[in-house]
Amino acid sequence: MSSKKTQLEGEVFYPSAEVATQARVPDWAALAKRADEDLEGFWAAEAEELEWYRKWDKVLDASEKPFYRWFKGAQTNIVHNCLDRHQRTWRKNKLSLVWVGEKGEVRTYSYFALNRDVSKFANVLKAMGVKKGDRVTIYMPRIPEIVIAMLAAAKIGAIHSVVYGGFSVDALQGRIEDSESKVVITADGGFMNGKIVELKKTVDDAVRRCPTVETVIVVQRTAHEVRMEAGRDYWYHELMKLPLAAGVCPTEVMDSTDPLYILYTSGTTGKPKGLIHGHGGYQVGIYSTLKYVFDIKDEDRYWCAADPGWVTGHSYIVYGPLLMGATTFMYEGAPTYPYPNRWWSLVEKYGITILYTAPTAIRGLMRFGESWPNRHDLSTLRLLGSVGEPINPEAWKWYHRVIGKGRCPVMDTWWQTETGMFMITPVPTLPLKPGSAAKPFFGQQVSILDDNGKAVPDGEEGFLVLERPWPAMAMTVYKDPERFVKTYWEKYPGRYMAGDAAKRDADGYYWVIGRTDDVIKVSGYRLGTAEIESALVSHPAIAEAAVIGLPHEVKGQAIHCYCLLRQGFKPSPELEDEVKQHVAQHLGPIVRPEKVTFVDSLPKTRSGKIMRRVLKARAQGLPEGDVSTLEE
Ligand code: WT7
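What counts, and where the lines are drawn
- Residues numbered from 1 in each chain as written.
- Predicted model: local features only at pLDDT ≥ 70, side-chain atom pairs only at ≥ 80, totals over all residues.
- Heavy atoms only, no water.
- UniProt positions renumbered as here; feature names shortened; annotations may be inferred.
- Helix = DSSP H or I, 4+ residues; strand = E, 2+ residues; numbered from the N terminus.
- 1 Å grid on protein atoms, 1.4 Å probe; cavity = no way out; pocket = protein on both sides within 12 Å on 5 of 7 lines; lining within 4 Å.
- Points joined across faces, edges and corners; volume = space filled by probe spheres on them.
- Near = heavy atom within 4 Å.
- Polar contact = N/O pair within 3.5 Å; in protein donor to acceptor, adjacent residues only side chain to side chain.
- Areas by Shrake-Rupley, 256 points an atom, 1.4 Å probe, with all protein chains shown as cover.
- Nonpolar A, V, L, I, M, F, W, Y, C, P; charged D, E, K, R; others polar.
- Buried < 20%, exposed > 50% of the residue type's maximum accessible area, 1.4 Å probe, protein only.
- Contact = heavy atoms within 4.5 Å.
- Domains from an automatic or database assignment.
- Buried area = accessible area lost by both parts, 1.4 Å probe.
- Salt bridge = Lys/Arg side-chain N within 4 Å of Asp/Glu carboxyl O.

### A few points about the UniProt feature "domain: AMP-binding enzyme C-terminal" (unreviewed entry) in the protein
So, step 1. Under the UniProt annotation, the feature "domain: AMP-binding enzyme C-terminal" (unreviewed entry) is placed at residues 531-609.
So, step 2. Annotated as residues 531-609, this span is 28% helix and 34% strand, and its ends, taken at the C-alpha atoms, are 16 Å apart.

So this is what it looks like as structure tokens:
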């Protein structure tokens, strides 16, 4: 790709002839126009590429909006399309999953082998009494069994709730409680930076307070000593040896709108929301976006370096690539352990062709300089991707030049747990502007609105709003449909408010700026201030706390806490450390605050609400804005 100025504004990277000639979508505008004119027709054609036990009566039912129902009347199971249908073709012998552990172990699964292990584990879950509609919590390291567990649950119609392994006791407990899971699937531990992450211990602590949990299934990964409670805890490898774990298991027939999973995510206030994604619309949305944006071909080795515990992993490590019949690569550990060339050596050794990661990882690796990637043959790469937060043009250009050697287009994909699939994204043939996620995906329309719902002029900042329904949209918030309506659909009736600020430029390219609510993006992880504040006040020294996110060079944002101490406690560096440790212990290492400041008062409104934006402005030496409601 070359960077040259033409009629498009700003710095633009045009696709090379190599990219253009092999692209699945040679003409972005033509397909966009077709989808725009016939949204349902576009998605129906995409859906026809998958298999259904029964076809839909209606592509889109909007009669109870915002509870849109896609492919109404259809019957399917996403696992049928991920695994079952490939058994009848040559793909049965194709690699579905290539996995590399932190200690260098390699495990590979053909589509046949993955289907066999998923079927075996599905039979185990059934034997444990798991039925269609039951919730199963999965809290695991990045090992193949997390994929197997998710697919096995889905295969028998259970609803999985994956909790990211970087979370800790309080976060896990809250999510198990809300989902009322009967079964928790975990591992003794996981490896990260050469150390053991004590997953089973965390599960023990969390489950002690969760009466719904009857069974804990434990994969042996680290083989260090863990406590196993008789009658509750079972080893995965022992269960998988039992005759009941037969290698054949029927796939449950699901309605298109039956729930597939719950995924908890932080919002403006209160506890995390359990977003629900279903079988039918979701599979069509992620299949289609992955196909067009990452242009996956049979000879690709696709690597999404996220964790399955986040929506990126659900949609684009586990389900999406398998729907495509692709080979997906997964690794355990961290980008810089044992050395900052871990990723580049994996790209070389396994011939990775598509790499999809987050800006924070790029910035982190950039700091170690070019000599680490330059030591490796990265010539297999043909496409790069970014997700999770806005990518600064400097990181974009480094990624493009040093990793992609100027040949690989960077797909900056904007989307959310709620959207399930890419919503603003380029395709490989679209000219790219570093820092912009380019244009709405086919069939989508994105508006930038002011507070009153009026479109702002191009170039000005406003609220990012999605105008048209899409098949992978979350169906509701688990047990709280009102919250679903209130959070996303009430400010601008009939339109989806994403919670982000953005601009559109004169070329119709979108530039996402960041969250407009109390969500903090730390290393691309979405964290809520409310959850962190409640962990803070559970420390005996802290009476009251407010949390904000402030810019951080590598992490994007970092957590800053302002705490009022209880009587009898004095500020000290030791106490600051202790408080940081306390938060990390309760919520997880990824939630460890950057800084804890002890204060005498917090800016509040007269009704007692903490004004975080005032704290934020003060911390950055910016004007405080409208403080007419401030009482301090
Ligand atoms: C929020 C959603 C969806 C995958 C991972 C995050 C931010 C996500 C981009 C991007 C700018 C981005 C937004 C969004 N975000 N991708 N390409 N450019 N911002 O999912 O945890 O639900 O977070 O991540 O602020 O609202 P999530």
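Structure's up, so let's keep going.
### Details of the layout of surface pockets
Any empty space left between atoms is shown by rolling a water-sized probe over those atoms.
So, step 1. Size it by volume and the second largest pocket reaches roughly 230 Å³.
So, step 2. If you go around the second largest pocket, you meet 15 residues; those closest to its centre are Asp170, Gly174, Lys271, Pro272 and Glu531.
So, step 3. Breaking the lining of the second largest pocket down by element, the ones donating at least two residues are helix 7 (169-179) and helix 17 (529-537).
So, step 4. The greatest single-element share of the lining of the second largest pocket, amounting to six residues, is contributed by helix 7.

### Examining the site of the ligand
So, step 1. In the neighbourhood of the ligand, 17 residues make up the surrounding shell, with Asp412, Thr413, Thr417, Arg515 and Arg526 lying closest.
So, step 2. For the ligand, a nitrogen atom lies 2.7 Å from a polar atom in the side chain of Asp412.
So, step 3. Coverage of the ligand by the protein chains reaches 97% of its 560 Å² of free accessible surface.
So, step 4. Of all elements in the fold, only helix 11 (311-323) and strand 27 (510-515) reach the threshold of two or more residues within the shell around the ligand.
So, step 5. The residue inventory of the shell around the ligand, partitioned by class, reads six nonpolar, five polar and six charged.

### Concerning the UniProt feature "domain: AMP-dependent synthetase/ligase" (unreviewed entry) in the protein
So, step 1. The feature "domain: AMP-dependent synthetase/ligase" (unreviewed entry), as annotated in UniProt, sits at residues 90-470 in this numbering.
So, step 2. In the segment residues 90-470, helix accounts for 29% and strand for 22%; the C-alpha atoms at its two ends are 32 Å apart.

### Considering helix 13 (residues 359-366)
So, step 1. In terms of residue burial, helix 13 counts as a mostly covered element, since seven of its eight residues are buried.
So, step 2. When we look at burial in helix 13, the residues that qualify are Pro359, Thr360, Ala361, Ile362, Arg363, Gly364 and Leu365.
So, step 3. Contacts from the buried residues of helix 13 go to helix 12 (342-350), strand 20 (354-357), strand 21 (383-386), helix 15 (393-403) and strand 31 (556-565).

### A look at the domain arrangement of the protein
So, step 1. Taken domain by domain, the protein comprises domain 1 (17-82 + 259-445 + 483-494) and domain 2 (523-620).
So, step 2. Taking only C-alpha atoms into account, the centre of domain 1 sits 33 Å from that of domain 2.
So, step 3. At the interface, 17 residues of domain 1 touch 14 residues of domain 2.
So, step 4. Carbon and sulfur atoms supply 50% of the area buried between domain 1 and domain 2, which totals about 1,100 Å² over both sides.
So, step 5. Counting across the interface, domain 1 meets domain 2 through one salt bridge.
So, step 6. Between Arg526 and Glu418 there is a salt bridge whose closest N-O contact spans 2.7 Å.
So, step 7. Viewed at the interface, domain 2 and domain 1 are joined by seven residue pairs in polar contact (both at pLDDT 80 or more).
So, step 8. No other element matches the three residues that helix 13 contributes to the side of domain 1 that touches domain 2.

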